[in-house]
Amino acid sequence: MILFLAYAAVWFSFLSGLLALLIRQHHSVIKLLHYCCRKQPAWQQHLDNWLAQAVYPQRIQQLSFILMGVAGVFAISAGVSGLMSQTIITDQLSLGLPWLPWHVRFDSLSALFYLIIGIAILAVSCYGPGYVKDNNEQDHPFAILGLFSGLFISGMFLVLLADDAFFFMIAWELMSVASYFLVAFQHENSANRRAAFIYLIMAEVGAIAIILAFGVLASFSEGGTFTFDALRNAPLSTTWASVAFVLALIGFGMKAGLVPLHVWLPEAHPVAPSHISALMSGVMLKVAVYGLIRFSFDLLGDIHWQWGVALMILGAISALGGILYAMMQPNLKRLLAYSSVENIGIIFMVLGLSMIFLAKGHSNLAALAFVAALFHAFNHALFKNLLFLGAGIIQHQVHSLNIDDMGGLIKRMPHTSKLFLIACMSISSLPLFNGFVSEWLAFQAALQVGVLDNAVLRSLIPVMAAALALTAALAAACFVKLFGVMFLGLPRSRQAEKAEEIQDKGMLASLSLLAGLCFLFGIFPGLMINLLENVAVQTLGYGLPNSTAAGWLWLAPVSMQQASYAAPIVLILALIAGGISFHYLRRDPAVKLRQSDTWDCGFGGLTPRMQYTSSAFTMPFRRIFSGVWRIDEKIDKKAGAMPLQVTDIHYQLHVEDHSWSKIYQPIERSVNRIARLVSRMQTGNIRVYLSYSFFTLIFLLWVVS
Amino acid sequence: MNILLAILQTLLFISLAPLLAGWIKCCKCYLQNRKAPSPLQPYRDLLKLTHKQPVVSKDASWLFVIAPYIIFSATALAVTVIPLIAVDLPTAASADVIVLVGFLAFARFFLVLAGLDVGTAFGGMGASREMTISSMAEPAMLMAIFTITMTASTTNLSFAIEHIMQEGLVLRPSFIFALLALILVAVAETGRIPVDNPATHLELTMIHEAMILEYSGRHLALIEWASQLKLMLYGVLIANIFFPWGMAETLTLSALGYGLLAIMGKLGILAVLLAVSETLFAKMRLFRVQEFLSFAYLLGLLGMLSHIILEASR
């Protein structure tokens, strides 16, 4: 039954893609439908009206998104029932080559990520019709967008179902290549084509690393087979296991966006349509996390603590680097993409912690860290989807993604701004929201470091915890800035002044759904943590240290004496405190509010240009962490007639990531150099080529004889 | 009984906070050869402000009006989980010390948004600086707190203080480092000299005051009260974690009375120390604050390392 639901999710997402192809085939579709219901003329009439030429494309778009939504519902139900039942279901599909059937396996780890994808595509399916409505069909055909969205989603589902390396790689490539076409969807800008190309290259290099990692495992497996069962039982020496782990880390880390493998992410995510960037950032990166968990915790099995340390340090660099880069981005979607790098860093850090505990034999604590990492992955999917979908609405209404062009939107877009505020609060890990709970669990796991007997680890892990704290504080600064500059203050441009609230109900509904979930799992995290514990039990073989860890009211992962958190109580106390202060101060009717001008220090004439911009807001950070970026700052002053008088000031700021200049440009240069060396062979002269063939032939004959 | 005590203790905390602020002002005036206002002056100020009609800018949104209530509630929530006169506090279980840091972050989040809401240069400036300082202070504070929680192996403040009291007077190098780190963080977070100057308005150096420049009437009263609460909160944290002696371990009337006297005495002494340091030091440039806070972080780290190397029981 569960497997049926899982297959249904794949089929429906695939169908939603196929349906999109029909958008230009109005006549043939009508003919086909007439043929189908030729005995019911009344139906034909209805169909004709419903699919009239004018509304036909819209109908197809809606249907395609409805199918996607149905796939989402199936995926959610498959995920939840898979998580609750704790069973492992296996199956074989006789697809592919005849002697290599595709192995399918659906366990609670797959079920969790099914759930994540399901929620995300359900939200996207509500959002989509409104978003693509004003799409220019000539330049950006919906057929392409819909088809590749469907393929992309079914690819992600198939990755989760795969139980042998072949099937896994086919599904993985389906996901990568389909998303390449989605990134390249708005291909008229050369920057977008470049971004898509970088994405494709890095995705393929990552895929090669993953194939090699599987290859290392398979060469030790019984009979060299590629099923995950055989790979699981492969007897590996420590060295080879480490080689496989490093290859997998490179491969999956490239997809997940670990620093310094993250460079495709801020290029590719902003140029894709918003609901696709939501899926890529919120969900596809999670599939990479799934891949790493599957590979290291499940297939390799025998974890070494050194891997955990490596993962932790890489994660910390990604988390800090990601959020610091995010802070400097003026482009909303680039900022969100970098913030995904940060969150992936946090997830990897906590996974590394889990590995260390597991390798040192503290399995229950490993389960705690594991649950924290999975919960953060789940939470990140929720609020990052919300942020990207919100960004789509804002781009739609303000016609810009530059946050310095916005301002004052809280009055013009009241609903969007509230939902966006919830997302900002969740991602800044404030109490009562879901982001806080996962971070709290991570801190609780890190604080159990006293059980380790290795002094280096005992001092490293608290430092990592402090890095996590710094990340959280910087994230709060970044998203306060984002919300403040975009929604508060005075409008900074004419478009922002004229912006209106979005009218489409579906788009707001999808945002509300995600925001509601952020709040729900912030107040009742126990609901999710109980399910996540099942994943830990099945994958690691151990549950949380405190078996009654997550009731609906109390969250006490280790023991009630050590740490506890009761979000519902906190919520009630907060409401009481807020209510008392509000009522007490409101009871005097004589002192209502008075509206007046903003205080202007007596000079008069405050203009929107006097507000702090985003680059002004982050200036102290730029100065304090100046080594992190390549900062190119230019100030041009035009002197006036009087000495020291300045008539005109131009300020230019360009902030760039170090990884381009330090890593990728040298690689690019050396590739070019090698290419030039090789090209010397190619003179363009036919005689030379003939002599090459001749000598090769001679050489081969010599070898053969 | 316990719950009742928790409520009473919270109310006591909230009502005593202005007194502490007044007492600090008194001490400072005395040290600077000025005539001191009564220590009860902050109460009068708050009362006066609540009766005034608040003026709100035309450009302000709903967030500006609701923010003071949120800021005050979040700070009051933080107060509910800190044992003041009795060690045993049932509400400490609902939110541990990490959540406490979260509450303070929550209050700050809205304070900063309120500063940005009106769209003046002052608000933005204060907001930017507040976020800079807090994001440097938070890791330092968590480092100091982790040292304590690892010693007591709990993040529940009630249990942690109980553990420290039961151990008796042990000289722990890690605690000395953690104490120093927490003091530096407290100075930065509550906006005292040398990081910020609570006494000045309209200086380009101000941080907290710049954000709340647009507030008036009861809104201002709530924000002022919240910042007094925050000051007392850090004072109580320092006093009760590092010098918990005198707190009521049993719920008898005499023990509670003794506990109240003890905490007032401890806070009184801390206030005198703060006044002395505020008189001795001048305000730092903004970009010296990062050095100040990295020093706090370093102290926290040293505390952590000395706990791990010297004290952990193996």
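Our subject in this report is the structure included herewith. (Residues numbered from 1 in each chain as written. Chains lettered and ligands numbered in written order. Predicted model: local features only at pLDDT ≥ 70, side-chain atom pairs only at ≥ 80, totals over all residues.)

### Let's talk about the overall build of chain A
A tally of helices and strands in chain A yields 27 helices and five strands. Taking 2.2 N^0.38 as the reference for a compact globule, 705 residues should give roughly 27 Å; the C-alpha atoms of chain A span a radius of gyration of 28 Å, in line with that estimate. Viewed in the frame of its principal axes, chain A has a C-alpha envelope of about 105 × 80 × 65 Å. In chain A, which comprises 705 residues, the proportion classed as buried is 53%. Counting contacts in chain A only where the partners sit at least 6 residues apart, residues at least 24 apart contribute 79% of the total. (Helix = DSSP H or I, 4+ residues; strand = E, 2+ residues; numbered from the N terminus. Rg over C-alpha atoms; globule rule 2.2 N^0.38 Å. Buried ≥ 20, exposed ≤ 12 C-beta atoms within 10 Å, placed from the backbone. Contact = placed C-beta atoms within 7 Å.)

### Brief notes about the overall build of chain B
Each helix and strand counted, chain B has 11 helices and one strand in total. When the helices and strands of chain B are placed in sequence order, the string is α-α-β-α-α-α-α-α-α-α-α-α. Computed over C-alpha atoms, the radius of gyration of chain B comes to 19 Å, within 12% of the 20 Å expected from 2.2 N^0.38 for 314 residues, which places it in the range of a compact globule. The dimensions of chain B, computed from C-alpha atoms along their principal axes, are 60 × 45 × 45 Å. Looking at the 314 residues of chain B, the share that counts as buried comes to 62%.

### Observations concerning the interface of chain A and chain B
Each partner contributes residues to the interface: chain A has 64 residues there, and chain B has 72 residues. Those elements that provide at least two residues to the side of chain A that touches chain B are helix 16 (409-412), helix 18 (434-447), helix 19 (455-487), helix 23 (567-586), strand 3 (594-596), helix 24 (614-617) and helix 25 (619-624) of chain A. The element that contributes the greatest number of residues to the side of chain A that touches chain B is helix 19 of chain A, accounting for 15 residues. Class assignment of the residues belonging to the side of chain A that touches chain B gives a composition of 44 nonpolar, 14 polar and six charged. Pairing between strand 3 of chain A and strand 1 (residues 55-57) of chain B: three bridges, direction parallel. Each residue of the ladder has a partner; that of glutamine 595 of chain A, found in strand 1 of chain B, is valine 56 of chain B. (Nonpolar A, V, L, I, M, F, W, Y, C, P; charged D, E, K, R; others polar. Pairing = 2+ DSSP bridges.)

### What to know about the packing of helix 5 (residues 108-132) of chain A against helix 12 (residues 274-300) of chain A
All names here are of chain A. Here helix 5 crosses helix 12 at 175°, and the two axes come no closer than 10 Å. By the angle between their directions, the pair helix 5 and helix 12 is classed as roughly antiparallel. Residues Leu109, Phe113, Ile116, Ile117, Ala120, Val124, Tyr127, Gly128 and Tyr131 of helix 5 form the contact with helix 12, whose participating residues are Ser274, His275, Ala278, Leu279, Gly282, Val283, Lys286, Val287, Tyr290, Ile293 and Arg294. (Axes fitted to C-alpha atoms, helices over the stretch in contact; angles between N-to-C directions. Parallel < 35°, antiparallel > 145°, perpendicular 65-115°, else oblique.)

### Digging into the pairing of strand 5 (residues 646-657) of chain A
Residues and elements named next belong to chain A. The element strand 5 is barely covered by neighbouring structure, given that only one of its 12 residues are classed as buried. Relative to strand 5, strand 4 (residues 629-639) is paired through 11 bridges, and the arrangement is antiparallel. Its bridge partner being in strand 5, glutamate 633 is matched across the sheet by leucine 653. A loop of six residues connects strand 4 with strand 5, the two strands running antiparallel in sequence, and leucine 644 in this loop sits at a positive phi of about 70°.

### Describing the packing of helix 7 (residues 165-183) of chain A against helix 12 of chain A
Residues and elements named next belong to chain A. Contact geometry of helix 7 with helix 12 gives a least axis separation of 12 Å together with a crossing angle of 160°. By the angle between their directions, the pair helix 7 and helix 12 is classed as roughly antiparallel. Relative to helix 12, the crossing made by helix 7 is left-handed. Residues Met175, Ser179 and Leu182 of helix 7 form the contact with helix 12, whose participating residues are Ile276, Met280, Met284 and Val287. (Left-handed = near helix turned anticlockwise from the far one by under 90°.)

### Describing the environment of glycine 627 of chain A
Within the secondary structure, glycine 627 of chain A is located in the loop between helix 25 and strand 4. Between the alpha carbons of glycine 627 of chain A and histidine 658 of chain A there is a distance of 9.4 Å; along the sequence they are 31 residues apart.

### What about the environment of leucine 19 of chain A?
Residue and element names in this part refer to chain A. Relative to the assigned elements, leucine 19 resides in helix 1 (residues 2-20). Overall, leucine 19 belongs to the buried group, with 21 C-beta atoms counted inside 10 Å. Residues leucine 19 and alanine 143 lie 124 residues apart in sequence; the distance between their C-alpha atoms is 8.3 Å. When residues no more than four places from it in sequence are discounted, the contact partners of leucine 19 are Ile60, Leu63, Ser64 and Leu67.

### Some details on helix 1 (residues 2-31) of chain B
Residue and element names in this part refer to chain B. In this model helix 1 runs 41 Å from its N-terminal to its C-terminal C-alpha over 30 residues, within 8% of the 44 Å that 1.5 Å per residue would give. Of all the bends in helix 1, the greatest, near 30°, is centred on leucine 16, and the proline proline 18 appears no more than four residues after it. Immediately beyond the C-terminal end of helix 1, within one or two residues, lies asparagine 33, with a positive phi of roughly 60°. (Expected span 1.5 Å × (residues − 1). Bend = angle between axes of the 7 residues up to and from the residue.)

### Considerations on unusual backbone geometry
Cis geometry is found at the peptide bond from valine 259 of chain A to proline 260 of chain A, where omega equals 5°. By the element assignment, proline 260 of chain A lies in the loop between helix 10 (238-256) and helix 11 (264-271). Here isoleucine 193 of chain B and proline 194 of chain B are connected by a cis peptide whose omega angle stands at 10°. Tracing the backbone shows proline 194 of chain B in the loop between helix 7 (173-189) and helix 8 (208-211). With a phi angle near 60°, glutamine 86 of chain A is a residue other than glycine that sits in the positive phi range. Along the polypeptide, glutamine 86 of chain A turns up in the loop between helix 4 (56-85) and strand 1 (89-93). For asparagine 33 of chain B, which is not glycine, the phi torsion reads 60° and is therefore positive.

### A look at helix 22 (residues 525-540) of chain A
Residue and element names in this part refer to chain A. Given a rise of 1.5 Å per residue, 16 residues ought to cover 22 Å, and the 21 Å separating the end C-alpha atoms of helix 22 matches this to within 8%. Within helix 22, burial applies to Pro525, Gly526, Met528, Ile529, Leu531, Leu532, Glu533, Asn534, Val535, Ala536 and Leu540. Just beyond helix 22, the residue with positive phi is glycine 541, at close to 90°.

### Details of the environment of tryptophan 440 of chain A
Mapping tryptophan 440 of chain A onto the fold places it in helix 18. Sequence separation between tryptophan 440 of chain A and alanine 372 of chain A is 68 residues, and the spatial gap between their C-alpha atoms is 8.3 Å. Those residues in contact with tryptophan 440 of chain A, other than ones at most four positions away along the chain, are Tyr565 of chain A together with Ile98 and Val99 of chain B.

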